[in-house]
Amino acid sequence: MPRHHRPQPPVRYAAAEHEGVHQVVDQLHGYALGSHSTREAAEATARELAADPAAAIAAVETLDAAQSGPAAAERRILRRFGYAWSLR
């Protein structure tokens, strides 16, 4: 008799390496939420964000504050609207 496997839930936050820097990436929205020098630190941050939605919101707000210019302001508004609703 075949066994039925329940699909694994998608991983929202993951550690990825880009140009020698380990980043924490929100795979749902495609945002890099933080950079770390080691993969272990990036993975620990990814686990923290997955466990605490408030930490994820704080990470997005930090990302928003680091960007400037009119295009960044528009992205910030769109990101804040979409991200806040996806976490609640």
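Look a little higher up for the structure.
None of these values were measured; they are calculated from a predicted model. (Residues numbered from 1 in each chain as written. Predicted model: local features only at pLDDT ≥ 70, side-chain atom pairs only at ≥ 80, totals over all residues. Heavy atoms only, no water.)

Participant: Sorry, what's going on with the side chain of His-22 here?
Facilitator: Within the secondary structure, His-22 sits in strand 2 (residues 21-26). Classification of His-22 by relative accessible area gives buried; the value is 12%. What His-22 contacts, discounting residues up to four positions off in sequence, is Ala-16, Glu-17, Gly-34, Ser-35, His-36, Ser-37, Thr-38, Arg-39 and Ala-42. (Helix = DSSP H or I, 4+ residues; strand = E, 2+ residues; numbered from the N terminus. Buried < 20%, exposed > 50% of the residue type's maximum accessible area, 1.4 Å probe, protein only. Contact = heavy atoms within 4.5 Å.)

Participant: What's the story with the pattern of salt bridges in this structure? I'm lost.
Facilitator: Pairing between side chains becomes possible if they bear opposite charge and their charged atoms approach one another. A complete count under the given rule lists two salt bridges for this structure. Of the charged contacts, one joins Arg-12 and Asp-26 as a salt bridge, the two residues approaching to 3.0 Å between their closest N and O atoms. On the criterion of sequence distance, the pair formed by Arg-12 in the segment before strand 1 (13-18) and Asp-26 in strand 2 is long-range, its members being 14 residues apart. Among the salt bridges present, the one from Glu-43 reaches Arg-39, with a minimum N-O distance of 3.1 Å. Of the two residues, Glu-43 and Arg-39 both sit in helix 1 (residues 39-51), four residues apart, roughly one turn of that helix. The class for Arg-39 is partly exposed, based on a relative accessible area of 36%. (Salt bridge = Lys/Arg side-chain N within 4 Å of Asp/Glu carboxyl O.)

Participant: Can you help me understand the sheet that holds strand 1 in this one?
Facilitator: Ordered in space as 1-2-3, the three strands form an open sheet in which the pairing is antiparallel. Every other strand in the sheet has two partners, leaving strand 1 and strand 3 (31-36) as the edge strands with one partner each. Strand after strand, the sheet turns through a mean of 35° between neighbouring axes, direction not considered. Relative to strand 3, strand 2 runs antiparallel, the two being bridged by five bridges. Bridging across to strand 3, Val-24 finds its partner in Gly-34. Along the sheet face, helix 1 touches strand 1, strand 2 and strand 3 and points at about 155° away from the line of strand 1. Across the face of the sheet, helix 2 (residues 53-66) comes into contact with strand 1 and strand 3 while running at roughly 90° to strand 3. (Pairing = 2+ DSSP bridges. Axes fitted to C-alpha atoms, helices over the stretch in contact; angles between N-to-C directions.)

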